[in-house]
Amino acid sequence: MQMKMKLTAAAALAMVAGAVMAQDTQVIKIGHVGPVSGPQAHYGKDNENGARMAIDELNTQNIVINGKKIKWEIQAEDDAADPKQGTAAAQKLCDAKVAGVVGHLNSGTTIPASKVYNDCGIPHVTGAATNPALTKPGYKTTFRIIANDNALGAGLAHYAADALKLKRIAVIDDRTAYGQGVADVFKNTAKKAGVQIVDEQFTTDKATDFMAILTAIKSKNPDGIFFGGMDPQAGPMLRQMEQLGMANVKYFGGDGICTTEIAKLAGGAKTLGNVVCAEGGASIQKMPGGTAWKAKYDAKYPNQFQVYSPYTYDATMLLADAMKRANSWDPKVYIPKLKESNYKGVTSNIQFEPNGELKNAAITLYVYKDGKKTPLN
């Protein structure tokens, strides 16, 4: 009987200890949104992988905030690169009271979602959406850790005019916020550099047949084409350019086409060798922690790397760092610390301009040699 009472007392003590431990643990949810379904799913999964990798690492660090041991969780949502689905996902994360959001990928989803986050007071950090209009409303909750299209479009235009000495370029865009935005910057900068824009054509981010617009462009005899859009369109476009005998026409695009996937989507077309594309930030080899990080990523997610996962990883770590410095996961308390960030990330040393843009944002130009994406600078 006495032994039984001792056991009961020990069990009671264990229950109390367990309750105290549970009480001392705080779950902090970080939201992630990207297109994990549809033709851009390879980007979305890569982005989500970067955020998940950061969450897993944070959970090994025994972080304590406001006296509580933190358990980090990701709440991942799919926006399918659709603006309506993007705002619905943003509202879902607001309703779930996540502490912060990483995403979205597309400018067309990020811009409308940014208002939702502003209205509910949750910060979001994108390392992929590049349209300059994102930061124009001046929301205190919007942050970008990659160069915007002003840098990407202008950098490509100067390379086309100054390094390649091209004179006649046609412009195509997919009518999305991203595609139209980067195409406009390229076009306006190229004109100022003395390049003649010989034709402007439009498509959609769902199209796969470009023969009609490419035939129209071919008749204008361009020495280059700029495409504002993503790789699911750029790959087939390169194949069709080859079929039309446009093998000597240079092909430019922003970070939306600057992927490893485009080599597969181009299906062996020789025109892949004419591609010059631009990404915000340094090449992975020149990022402060890029090479070591990429080795860890490849071990965890083999053959899934595209472009932006180092940025979603950094964005997740950046949010956690601001919470630690503020000793709070309450957005009202830690957003001021997020604005003051001086975070040594994998991609760069992250500091913000007053409008949430990254300070000293770099860009890198790439070409494809033997089907492999290779940095030019």
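This is a predicted model, so every value here is computed, not measured. (Residues numbered from 1 in each chain as written. Predicted model: local features only at pLDDT ≥ 70, side-chain atom pairs only at ≥ 80, totals over all residues. Heavy atoms only, no water.)

Chemist: What should I look at first to understand the domain arrangement of the protein in this one?
Modeler: A common way to state how big an interface is: give the accessible area lost once the parts meet. Per the domain assignment, the segments of the protein are domain 1 (25-147 + 286-361) and domain 2 (150-280). Look at where the C-alpha atoms of domain 1 and domain 2 centre, and you get two points 29 Å apart. Taken together, the contacts link 20 residues of domain 1 with 18 residues of domain 2. Counting each side, the surface lost to burial between domain 1 and domain 2 is near 1500 Å², with a carbon and sulfur contribution of 54%. Summed over the three residues of domain 1 that lose the most area to domain 2, namely Y43, Q306 and V307, the buried surface amounts to 26% of that side. There are nine residue pairs in polar contact (both at pLDDT 80 or more) connecting domain 1 and domain 2. The set of elements that each furnish at least two residues to the side of domain 1 that touches domain 2 consists of α2 (41-58) and α4 (107-120). (Domains from an automatic or database assignment. Contact = heavy atoms within 4.5 Å. Buried area = accessible area lost by both parts, 1.4 Å probe. Polar contact = N/O pair within 3.5 Å; in protein donor to acceptor, adjacent residues only side chain to side chain. Helix = DSSP H or I, 4+ residues; strand = E, 2+ residues; numbered from the N terminus.)

Chemist: Is there a simple way to think about the state of the cysteines in this case?
Modeler: Any covalent bond linking the sulfur atoms of two cysteines counts as a disulfide. This model, assessed by the stated rule, comprises two disulfides. There is a disulfide in this structure between C258 and C277, and the S-S distance comes to 2.1 Å. Across the disulfide from C258 to C277, rotation about the S-S bond amounts to roughly 65 degrees, and the bridge is consequently right-handed. Placement of C258 in the loop between β10 (250-253) and α9 (261-265) and of C277 in strand β11 (residues 275-280) is noted, with a sequence separation of 19 residues between them. For the residue pair C258 and C277, the accessibility class agrees, reading buried in each case. Listing the disulfide partners of the protein by sequence rank of the bonded cysteines yields 1-2, 3-4. (Disulfide = S-S within 2.5 Å. Buried < 20%, exposed > 50% of the residue type's maximum accessible area, 1.4 Å probe, protein only.)

Chemist: In this structure, what is going on with the packing of aromatic side chains? I would like to understand it.
Modeler: One pair of aromatic rings is described through two measures. These are the centre distance and the angle between the planes. According to the stated counting rule, one finds ten aromatic pairs in the structure shown. For the ring pair Y297 and F305, a centre distance of 5.8 Å and an interplane angle of 80 degrees mean the geometry is edge-to-face. Note that K373 overlies the ring of Y366, its terminal NZ or CZ placed 4.6 Å from the centroid. (Phe/Tyr/Trp six-rings, centres within 6.5 Å; stacked < 30°, edge-to-face > 60°. Lys NZ or Arg CZ within 6 Å of the ring centre and 35° of its normal.)

Chemist: In this structure, what is going on with unusual backbone geometry? I would like to understand it.
Modeler: Peptide bonds are, in most cases, trans, and in most cases residues other than glycine have a negative phi. In this structure, H104 follows G103 across a cis peptide bond, with omega equal to 0 degrees. Mapped onto the elements, H104 comes out in the loop between β4 (100-102) and α4. A positive phi angle, near 55 degrees, is found at N360, a position not held by glycine. Among the structural elements, N360 can be located in the loop between β13 (349-350) and β14 (363-369). Taking relative accessible area as the criterion, N360 reaches 73% and is therefore assigned exposed.

Chemist: Before we go on, may I ask you to explain the environment of A113 in this structure?
Modeler: With respect to the helices and strands, the residue A113 is situated in helix α4. By relative accessible area, A113 is classed as buried at 0%. Between the C-alpha atom of A113 and that of G103, which follows or precedes it by ten residues, the distance is 9.5 Å. When residues no more than four places from it in sequence are discounted, the contact partners of A113 are G86, T87, A90 and H104.

Chemist: Can you help me understand the side chain of T189 in this one?
Modeler: For T189, the position within the fold is in helix α6 (residues 177-192). Its relative accessible area of 15% is what places T189 among the buried residues. At 2.7 Å, the side chain of T189 and the backbone oxygen of V185 are in polar contact. When residues no more than four places from it in sequence are discounted, the contact partners of T189 are A154, A157 and H158.

Chemist: Can you help me understand the sheet that holds strand β6 (residues 142-144) in this one?
Modeler: Sheets are built from strands paired through backbone hydrogen bonds, the pairs being either parallel or antiparallel. The strand order across the open sheet built from six strands is β2-β3-β1-β4-β5-β6, with neighbouring strands paired in mixed fashion. Two strands close off the open sheet at either side, each with one partner strand: β2 (64-65) and β6. Bridging between strand β1 (residues 25-34) and β4 involves three bridges; their strand directions are parallel. By the bridge assignment for β4, I30 is matched with G100. Contacts from α2 reach β1 and β3 (68-78) within the one sheet, and its direction differs from that of β3 by about 170 degrees. Strands β1, β2, β3, β4 and β5 (124-126) of the sheet are contacted by helix α11 (residues 309-326), whose axis makes an angle of about 165 degrees with β4. (Pairing = 2+ DSSP bridges. Axes fitted to C-alpha atoms, helices over the stretch in contact; angles between N-to-C directions.)

Chemist: Whenever I open this one, empty space enclosed by the protein confuses me. Can you help?
Modeler: One simple way to see leftover space: roll a probe sized like a water molecule over the atoms. Within the structure shown, the criterion is met by one cavity of 30 Å³ or more. Taken as a whole, the largest cavity holds about 50 Å³ of empty space. Every residue along the wall of the largest cavity is listed here: L105, N106, S107, A128, A129, T130, Y178, M230, D255, G256 and Y308. Across the lining of the largest cavity, the residue classes tally to six nonpolar, four polar and one charged. (1 Å grid on protein atoms, 1.4 Å probe; cavity = no way out; pocket = protein on both sides within 12 Å on 5 of 7 lines; lining within 4 Å. Points joined across faces, edges and corners; volume = space filled by probe spheres on them. Nonpolar A, V, L, I, M, F, W, Y, C, P; charged D, E, K, R; others polar.)

Chemist: I tried to follow the pairing of strand β15 (residues 372-375) on my own but got confused; where do I start?
Modeler: With four bridges connecting them, β14 and β15 associate as antiparallel partners. In the strand pairing of β15, Y366 is matched with P375. Counted between consecutive antiparallel strands, the loop separating β14 from β15 contains two residues, among which D370 sits at a positive phi close to 50 degrees.

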